[in-house]
Amino acid sequence: MKVGDLVASHSAGPKGIGIVMEPPRLSEDCFPGGACPDETYRIVKVLWPAGIDEVFEEDIEVVS
């Protein structure tokens, strides 16, 4: 997944098609001292029709 990719949300709630604004990054919760230091998950900033939102990488898929 890279900046400019079109993505679709397959999580709860309709979001439609969005554009990746920033590459995936490790969530701050996963660093030592965070809420979930033993877990690893990535966050992606996406521009949706309703605005910009940060979503879990596993909740979206690239469509182009």
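Heads up: these notes are all about the structure in this document.

Rules used in this analysis
- Residues numbered from 1 in each chain as written.
- Predicted model: local features only at pLDDT ≥ 70, side-chain atom pairs only at ≥ 80, totals over all residues.
- Heavy atoms only, no water.
- Pairing = 2+ DSSP bridges.
- Helix = DSSP H or I, 4+ residues; strand = E, 2+ residues; numbered from the N terminus.
- Salt bridge = Lys/Arg side-chain N within 4 Å of Asp/Glu carboxyl O.
- Buried < 20%, exposed > 50% of the residue type's maximum accessible area, 1.4 Å probe, protein only.
- Patch = residues over 30% accessible without salt bridge, like charges linked within 9 Å, V, L, I, M, F, W, Y side chains within 5 Å.
- Areas by Shrake-Rupley, 256 points an atom, 1.4 Å probe, with all protein chains shown as cover.
- Core = buried A, V, L, I, M, F, W, Y, C linked by side-chain atoms within 4.5 Å.
- Contact = heavy atoms within 4.5 Å.

Considering the pairing of strand 4 (residues 42–48)
So, point 1. Taken together, the two bridges between strand 2 (residues 17–20) and strand 4 define a ladder with antiparallel strand orientation. Opposite Val20, over in strand 4, you have Val46 as the bridge partner.
So, point 2. Examined bridge by bridge, strand 3 (residues 25–26) and strand 4 share two bridges and lie antiparallel to one another. From the neighbouring strand, Arg25 faces strand 4, where its bridge partner is Ile43.
So, point 3. Looking at chain direction, strand 4 and strand 5 (residues 51–56) are connected through six bridges and run antiparallel. Across the sheet, Val46 pairs through a bridge with Asp53, a residue of strand 5.
So, point 4. Counted along the chain from strand 4 to the antiparallel partner strand 5, the turn is two residues long.

Observations concerning the pattern of salt bridges
So, point 1. In total, this model carries three salt bridges according to the counting rule given.
So, point 2. Between Lys2 and Asp5 there is a salt bridge whose closest N-O contact spans 3.3 Å.
So, point 3. The exposure class of Lys2 is exposed, given its relative accessible area of 53%.
So, point 4. When its relative accessible area of 8% is taken as the criterion, Asp5 is described as buried.
So, point 5. One salt bridge in this structure joins Arg25 and Glu54, with 2.9 Å as the shortest N-O distance. Highlighted residues: Arg25 in strand 3 and Glu54 in strand 5, separated in sequence by 29 residues.
So, point 6. Glu54 sits in the partly exposed class, given a relative accessible area of 41%.

Concerning a nonpolar patch on the surface
So, point 1. A cluster of nonpolar side chains, contributed by Leu6, Ile17, Ile19, Met21, Leu47, Ile52 and Val63, occupies part of the molecular surface with about 560 Å² of accessible area.
So, point 2. Following the sequence through the fold, Ile52 ends up in strand 5.

Some words on the nonpolar core
So, point 1. The biggest cluster of nonpolar side chains holds seven residues, and these are Val7, Val20, Val44, Val46, Trp48, Val55 and Ile60.
So, point 2. Examining the composition of this core, we find that three residues originate from one element, strand 4, more than from any other.
So, point 3. Sequence-distant contacts of Ile60, that is, excluding residues within four places in its chain, are made with Met1, Val7, Ala8, Ser9, His10, Val44, Val46, Trp48 and Val55.

By themselves, these observations are geometric and do not establish any function.
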